[in-house]
Every structure is written in C-alpha cells, then in structure tokens.
Amino acid sequence: MRKAAFHNLGCKVNAYETEAMEQMLEAAGYEIVPFAPGADVYVINTCSVTNIADRKSRQMLHRAKKMNPSAVVVAAGCYVQAAGKELAEKDEAVDIVIGNDRKRELPEILERYFGGQETEEVYLKDLVHPTEYEKLHIDRVAEHTRAFIKVQDGCNQFCSYCIIPYTRGRVRSRRPEDVLEEVRGLAAKGYREIVLTGIHLSSYGVDFGEEGQGLMELIGLIHQVDGVERIRLGSLEPRIITEETARYMAGLKKLCPHFHLSLQSGCDETLERMNRKYTTAEYLEKCGILRRWFDRPAITTDVIVGFPGETEEEFAATERFVEQVHFYEMHVFKYSRRKGTRADRMENQIPEPVKGTRSEKLLDLERRMSDEYRRMWLGEKVEVLLEEETVRDGVPVMTGCTREYVKCILKKTEALEKGKMVKGTAVRLTDAGEMEVELDGEA
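Nothing here was measured: the structure is a model prediction, and the numbers come from that model. (Residues numbered from 1 in each chain as written. Predicted model: local features only at pLDDT ≥ 70, side-chain atom pairs only at ≥ 80, totals over all residues. Heavy atoms only, no water.)

Chemist: Kindly report on the packing of aromatic side chains, identifying the contributing residues and their values.
Modeler: Overall, the coordinates contain 12 aromatic pairs when judged by the stated rule. Summarising the aromatic geometry, the rings of Y283 and F321 are spaced 6.0 Å apart at their centres and angled 65 degrees between planes, so their arrangement reads as edge-to-face. Linking Y283 in helix α11 (residues 280-293) with F321 in helix α12 (residues 312-325), this pair joins segments that are 38 residues apart in sequence. Side by side, Y283 and F321 carry an identical accessibility label, which is buried. Among the aromatic residues, those joined into a cluster by ring pairs are Y278, Y283, F321 and F327. (Phe/Tyr/Trp six-rings, centres within 6.5 Å; stacked < 30°, edge-to-face > 60°. Helix = DSSP H or I, 4+ residues; strand = E, 2+ residues; numbered from the N terminus. Buried < 20%, exposed > 50% of the residue type's maximum accessible area, 1.4 Å probe, protein only.)

Structure below.
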C-alpha cells in the first residue's frame, strides 16, 4: 500500500478539493499519512492569490521533495494554473503538475505514472473559455460538526488586483441534485452545520440559463434536508442582498445570521480603481437591509489597505466607513502585488511601512468593534453547537459557536459532547475574547 500525504494552501474551496483528492486516493488503495517524511506521494494543493502565496507554494513543493527525494511530488491548483508548463520544466522538485478542473484525474494519473506507462508531466485545462463544473465529492470532513461544501467555481468579476479569474476560469455551478446528494450523506453521518462555499458564491446558478436555480433556491433545498440544523454562507457580494433576498433568508430558520460581505475599501475612488462594482452608499444600504430583517446579524468583511494610489485621505475615508458599518469581524490585508493583474501595473504603489501602519490602525479598530459586538450578547440566551473539547486554565471545557459565529466556552460535563446543540446564557467574555456560557438547566 503506497502512502500519500497532502498539504493545502489557500481558501476553503482549496480545502474542500484537498479533502476530495484525499478520499479519492484512499478509495484507490492509498494510505493517507501526515505531511512528514516517509510518504511515497506528496500532493500540494497550491494557492496563487498573491505573490506571497506563490512563494509559499514553491516552498512547500521543495519541502516535500526534501522529505523524500524518491517520492512523487504532485503540484496541483491555482499556482500551477498560473505558472503553467514552466513549473514542470524548471522546478526539479515537481514530478507531476495538475491544474484546476483536472484534480479528479489524480488517481488515474498516478496509476499510469507508477505503472511505467507513457504519461504527461503537465495536466492543464484552458480555463479562459467556458467549461463544465468539475465533479468532486466528499463523504466526510476533518471537522466533526461543520462541513464546507463547494458549490461553485470560477469568477467573472475581474477585480484589478485579482488573478483568480485567470487561474479558476469563468463561473461554473454545481448541479443542485449533486449538492443535495452530498449534503444528505454528510447529514446522515452527523454533520449538523453546512457551510456553502465557492470562488464567487453569489454567482451560483448564473450559468444555468433560464432554469432559475440560483443561490437562494439552493439554500431553500438544503433547508429541507433532515439532520441539517444550520446553514452558513461563505463570502457574498453586496449586490446579492436585496429586500427580497433578505426577507426570504429570514424565513429560513436554519440559516445562520452571519454574513460575510466583501468590501475591500471604504472609499469610492479606491473601489473604482479596484473595479469593484458598488459604492460605499450601496454597501451601507445592504447592511441596513440585513439589520432590518435579522436580529443583530454578524456582518464580517475583508479590507485591503495600501492599494495603489490610496492617499491618506482615502484611507481615512475607509476608517470612517468601517466604523460606521460597525463590523463584527474584519479581515485586514496589506495589498500584495500580483503579476498579471492591472493593479500590478498601476502607478503610486504604496510603501510597505505605510501599509503596515494603516493595517495596524484598522486591526485596532477591528478588535474594538468585535469586542463591542460580543458584549451585545452578554445576558442573552444563545444556541451553541459544540465542536471541541479542550482545557482552559486547567479546567476541561467544550468550545463551539453561536449561530452568529461567536466562539463560546462551556464547562465540560459528562452530558456535553461534540455535535450537541445546547442553549444557555452568555455571562462574560474571557481574556481570549470567547463568550462563557452557562447552560439553562440540564444539557
């Protein structure tokens, strides 16, 4: 039995695909082992969202070859799609290159390789033109209670800083019946929370033509699956939020009131250079709609600081705007140049020290806003899905999350176990920012 080790870089979509590849090789007779010396095959699912991600991908490929020089090192994913044939031709650490939309071929590619058959070194598909959704499937995930489900791939937005439309191709959506089959299987195995994810989740179904199967319809179908108690959504574009969609989602009791609305900048001039397709006024309106239909929804976002041409005045506008919205959590990124994008060719690139200063300012603001949001729940009844048993200050505790994705801790009792849904009162915030919850009666 050959041994295969995997390492994943990048987003939740990549993580899903890595789990799918692991399960395919396991079904083909491989033993899945930790990413450490001793494996016969190393598969690195790479990322290419920034130049830094490219570098990390190369480092992991070389680390794999050093762990076992005689092993087969497979480079898969977005960095591969961007680097193309040059990776196989110039990098001695890499034996096989598999781009996006060909990952399902991994077992057959390795079978031919080990069988001594004539094989290619590079397996790439042209993603510039429309293509079909690559059918990958999982029947379990590493987490015990929450399952991330990939339902969509590709992006048609072409933001000026982003290489992903080139490495992932155009929008392609997974058929609803295929999604439901996977969700039912996971629910039957005890997974209580389903998280829908994709490269551009809001575009789900746009490639289905006149069939009318969009993201809202998919959520409604999953809502009917027995055993699923929570549905959580990945990153959304603000434009998908309307009075109609918010009203619809508010009527789905399993849908978690946790919305990650991508922002990137709180300044209209910067948003225009980024080729984002909304204004700050429109974004604020979408947050207002969510707050009308949901009780204290957790609104989170991403912000890029130091985008080319970002003046002190533009950054100050972003500071004011994010405080006005008052996010629960905010992921702050320093702009990283990415070759092949329009932003890389823009003038007035911002020095790294300036990016660092701006990043720290927003992170300080984020910590304050996040603390204020959590404090809103103190004294309130909350529902917690238990996920992990651990120790805090020498005391056994269970950790889990509320529907709003606020992390909680509860004192461990014999009745508490992973996957159990409990209700209690949030009584205080710990030094780590978790909410301590006291159970209402017996669990």
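On we go from here.
Chemist: Run through the sheet that holds strand β3 (residues 41-46), naming residues and quoting values.
Modeler: Spatial ordering of the open sheet is given by β2-β1-β3-β4-β5-β6, a layout of six strands whose pairing is parallel. Of all strands in the sheet, those with a lone pairing partner are β2 (31-33) and β6 (122-123), marking the two edges. Sheet topology note: the strand β5 (residues 96-98)/β6 ladder contains two bridges and is parallel. What sits directly across from I98, in β6, is Y123. Where helix α1 (residues 12-27) meets the sheet, its contacts fall on β1 (3-8), β2 and β3, and the angle it forms with β1 comes to roughly 175 degrees. Of the strands in this sheet, β1, β3 and β4 (72-77) touch helix α2 (residues 51-67), which is tilted by about 175 degrees from β3. (Pairing = 2+ DSSP bridges. Contact = heavy atoms within 4.5 Å. Axes fitted to C-alpha atoms, helices over the stretch in contact; angles between N-to-C directions.)

Chemist: Describe the state of the cysteines, with residues and values.
Modeler: Under the counting rule described, the total for this entry stands at zero disulfides. The thiol sulfur of C256 is not disulfide-bonded, and the nearest other cysteine sulfur, from C401, lies at 9.7 Å. Judged by relative accessible area, C256 falls into the buried class, the value being 1%. For the unlinked cysteine C267, the closest cysteine sulfur is that of C159, found at 16 Å. The class for C267 is buried, based on a relative accessible area of 3%. (Disulfide = S-S within 2.5 Å.)

Chemist: I'd like a rundown of the sheet that holds strand β15 (residues 395-401), residues and numbers included.
Modeler: Overall, mixed pairing links the five strands, which are arranged β14-β15-β16-β18-β17 in a closed barrel. Along the sheet, successive strands turn relative to each other by an average axial angle of 50 degrees, direction set aside. By the bridge criterion, five bridges tie strand β17 (residues 421-429) to strand β18 (residues 435-439) in an arrangement that is antiparallel. Counted as the bridge partner of A426 is V437 from β18.

Chemist: Explain the pairing of β4 to me, and be specific about the residues and the numbers.
Modeler: One face of the sheet, then the other: side chains in a regular strand alternate in exactly this way. The buried fraction of β4 amounts to six of the six residues, a majority that puts the element mostly inside the structure. Relative to β4, β3 runs parallel, the two being bridged by six bridges. When the sheet's bridge partners are listed, V41 is paired in β4 with V72. Following the backbone out of β3, through α2 and into the adjacent parallel β4, one traces a crossover that is right-handed. Both β4 and β5 contribute to a ladder of three bridges, which runs parallel. Note on β5: the bridge partner recorded for V74 is I96. (Right-handed = clockwise from strand over helix to strand, strands pointing away.)

Chemist: So, the pattern of salt bridges: which residues are in play, and what are the values?
Modeler: Evaluation of the coordinates by the stated rule reveals 38 salt bridges. Here E105 makes a salt bridge to R102, at a shortest N to O gap of 2.8 Å. Each of E17, D101, K103, K150, D153, R168 and R172 takes part in salt bridges that share partners, so that together they form one network. (Salt bridge = Lys/Arg side-chain N within 4 Å of Asp/Glu carboxyl O.)

Chemist: Requested: an account of the UniProt feature "domain: MTTase N-terminal" (unreviewed entry) in the protein chain, with residues and values cited.
Modeler: Listed under "domain: MTTase N-terminal" (unreviewed entry) in the UniProt record, and renumbered for this structure, are residues 2-115. Segment residues 2-115 splits into 47% helix and 21% strand. End C-alpha atoms: 13 Å apart. (UniProt positions renumbered as here; feature names shortened; annotations may be inferred.)

Chemist: Describe the UniProt feature "domain: Radical SAM core" (unreviewed entry) in the protein chain, with residues and values.
Modeler: Per the UniProt record, the feature "domain: Radical SAM core" (unreviewed entry) sits at residues 141-372. Helix makes up 39% of residues 141-372 and strand 16%, whereas the separation of the span's terminal C-alpha atoms amounts to 33 Å.

Chemist: Which residues make up the environment of V406, and what values go with them?
Modeler: Note that V406 resides in the loop between β15 and β16 (407-411). Each C-alpha atom, one on V406 and one on A298, is 8.6 Å from the other, the two residues being 108 residues apart in sequence. If sequence neighbours within four positions are ignored, V406 has contacts with Y328, Y373, R374, G400, C401 and M435.

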